[in-house]
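# Coordinate inspection notes
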Amino acid sequence: ESTPFEINSIEGSNPNLKRDWNGHMNNFAQANRLVQGIDELNDPTLSASEAKQIRSEGLIFRALIYFDMVRIWGRVPLITTVGKDITADNIKDVYSAYFPSQTEEIEVYKQIEKDLLEAEQYAPNNNNADKTLLTKSVARALLAKVYAEKPLRNYDKVIEYADKVTADGFSMVTNFNDLWGTIMQKPTEAPGETNFAVDAKARNTSEAILEIQYPVGSGNWCTWMFGRSLDNWNYWFDWAKWITPSRDIIKAFQNAGDTKRLNESVVWYSCGWNIYYPSTNYAFMYKTRSKFNSIIKIRYADILLLKAEALLQKDNLSGATSIINSVRNRAGLAPLAASITSDKNALMNAYLNERRLELAFEGQRWFDLVRLDKVEEVMNAVFTTDAGRPAQRYPYDKFSYKLPIPQDIIDQNPNLEQNPGY
């Protein structure tokens, strides 16, 4: 079910597409209930500012969901109200809420922008002790990302909102391991056994803008999907995992001499399968390594690098270089050579590589390639350089930038059209 994504043979019948589509649709439906519900509540115990804050948190959540959807599928249904119960008298009025048509990408982006600009005014301020909150800083970080995308591209706005995030007090942590590390200890009942994780090393760091946390007593199941859980060495480690690091990304780390980030991003174990690597030395994604690790949905290094992209596109090569070098410095790498920083094309390639290494396995790479028109150049070449990868089925082209609408969903809703190329 996941291999077609890897070899560019995805079709609308893929069940993962339907799962993800329905998950996004359910999430923005919940956001709409909150946004509309707080307007209709008229609770006298809520002050006007409290009501606006709650509404703003709903708007940020809705923007998060729609930003993912529009980048994945392009034209998607844009629904900002809660559908009423269907009756014989109102079926014509509510039909569009239950069987919506698609909205052009630009209109979806404009709604995301509108939601975030309102939320920026009334959402709570950043709380350094709790990065799970949907704050003004989250809205500003999202605006920086939204304004970098083609439909609303405005690099001046990217810089403006990246600077606002900086002014809110965010900074990169000194030690990259603080973002992903765990607290380890030896079993008291068997001191000779392997150390195991008892908690995340850190939460609510200066770099986390929005994170999903899993304190002791809960549990992040994603680690079981991606690798070995350091809190329970063999738990659910009897089936092949997703997001297997490619030889190409490992080689990119090694070519850069990037040992620090490689060691926090990739780990090798023995396992019971040999799909991409020998079972005795198999590579796994390492950024979610225990049930205690947070999922960092938005972090400052991403926003800072987007500012570098904006400066670079505005021909401020020295400003872009300064930011890229600051990220490299944290990774223990030397500044970029003058031959690179004085050439816009060379610096753009270095920038893309820096984002690839810094944000590896965090769900940014594909959108970077789409945003900067690099999909065909990069993806059609990787299959010949990356041993162990399944063969490419179809070449990447302009239709590959968006995924197909799930066929089951189209069958249920006659007002939806399949994306071109599928």
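These numbers come from a predicted model, not from an experiment. (Residues numbered from 1 in each chain as written. Predicted model: local features only at pLDDT ≥ 70, side-chain atom pairs only at ≥ 80, totals over all residues. Heavy atoms only, no water.)

## Concerning the environment of K374
Here is the rule we go by: The secondary structure listing takes helices from DSSP runs of H or I that are at least 4 residues long and strands from runs of E that are at least 2 residues long, numbered from the N terminus. Should any heavy atoms of two residues lie within 4.5 Å, those residues are counted as being in contact.
Residue position: K374 is located in the loop between α15 (365-371) and α16 (375-385). Put simply, K374 and M225 are 149 residues apart on the chain and 29 Å apart in space, counted from C-alpha to C-alpha. If we skip the residues at most four places from it in the chain, K374 touches N349, L352, L369 and M379.

## Topic: the packing of helix α2 (residues 15-41) against helix α3 (residues 48-73)
Packed helices, taken two at a time, are described by the angle their axes make and the gap between the axes. Put simply, the rule is: Here, axes are lines fitted to C-alpha atoms. For helices the fit covers the stretch in contact, and angles between N-to-C directions go from 0 to 180 degrees. Note on angle classes: values under 35 degrees are labelled roughly parallel, values over 145 roughly antiparallel, values of 65 to 115 roughly perpendicular, and the remainder oblique. Left-handed describes a crossing whose near helix is turned anticlockwise from the far helix by less than a right angle; the clockwise case is right-handed. Polar here means any residue other than Ala, Val, Leu, Ile, Met, Phe, Trp, Tyr, Cys and Pro, which are nonpolar, and Asp, Glu, Lys and Arg, which are charged; Gly is therefore polar.
One can describe the packing of α2 onto α3 by two numbers: an axis separation of 9 Å at closest approach and a directional angle of 155°. It follows from the interaxial angle that α2 and α3 lie roughly antiparallel. By crossing handedness, the relation of α2 to α3 is classed as left-handed. By residue class, the composition of the contact of α2 with α3 is 17 nonpolar, four polar and five charged.

## Overview of the nonpolar core
The cut-off we apply is this: To form a nonpolar core, buried Ala, Val, Leu, Ile, Met, Phe, Trp, Tyr and Cys residues must be joined to one another through side-chain atoms within 4.5 Å. Each residue's exposure class comes from its accessible area (1.4 Å probe, protein chains only) as a fraction of the maximum for that residue type: buried when under 20%, exposed when over 50%, partly exposed otherwise.
W21, I60, I112, L116, I209, I298 and Y351 are the most contacted members of the largest nonpolar core, which totals 72 residues. Aside from chain neighbours lying at most four places away, what touches I209 is K131, S137, V138, A141, V165, F170, I298, R299, Y300 and I303. Core analysis: the second largest hydrophobic core is formed by 22 residues, A252, L262, V266 and L357 among them.

## Let's talk about the packing of helix α11 (residues 300-313) against helix α14 (residues 344-358)
Running from N to C, α11 and α14 cross one another at 170°; their axes reach a closest spacing of 11 Å. Judged by the inter-axis angle, α11 sits roughly antiparallel to α14. Taken together, the residues of α14 that come into contact with α11 (itself represented by A301, D302, L305, L306, A308, E309, L312 and Q313) are K344, L347, M348, Y351, R355 and E358. Classifying every residue of the contact of α11 with α14 by side-chain character gives eight nonpolar, one polar and five charged.

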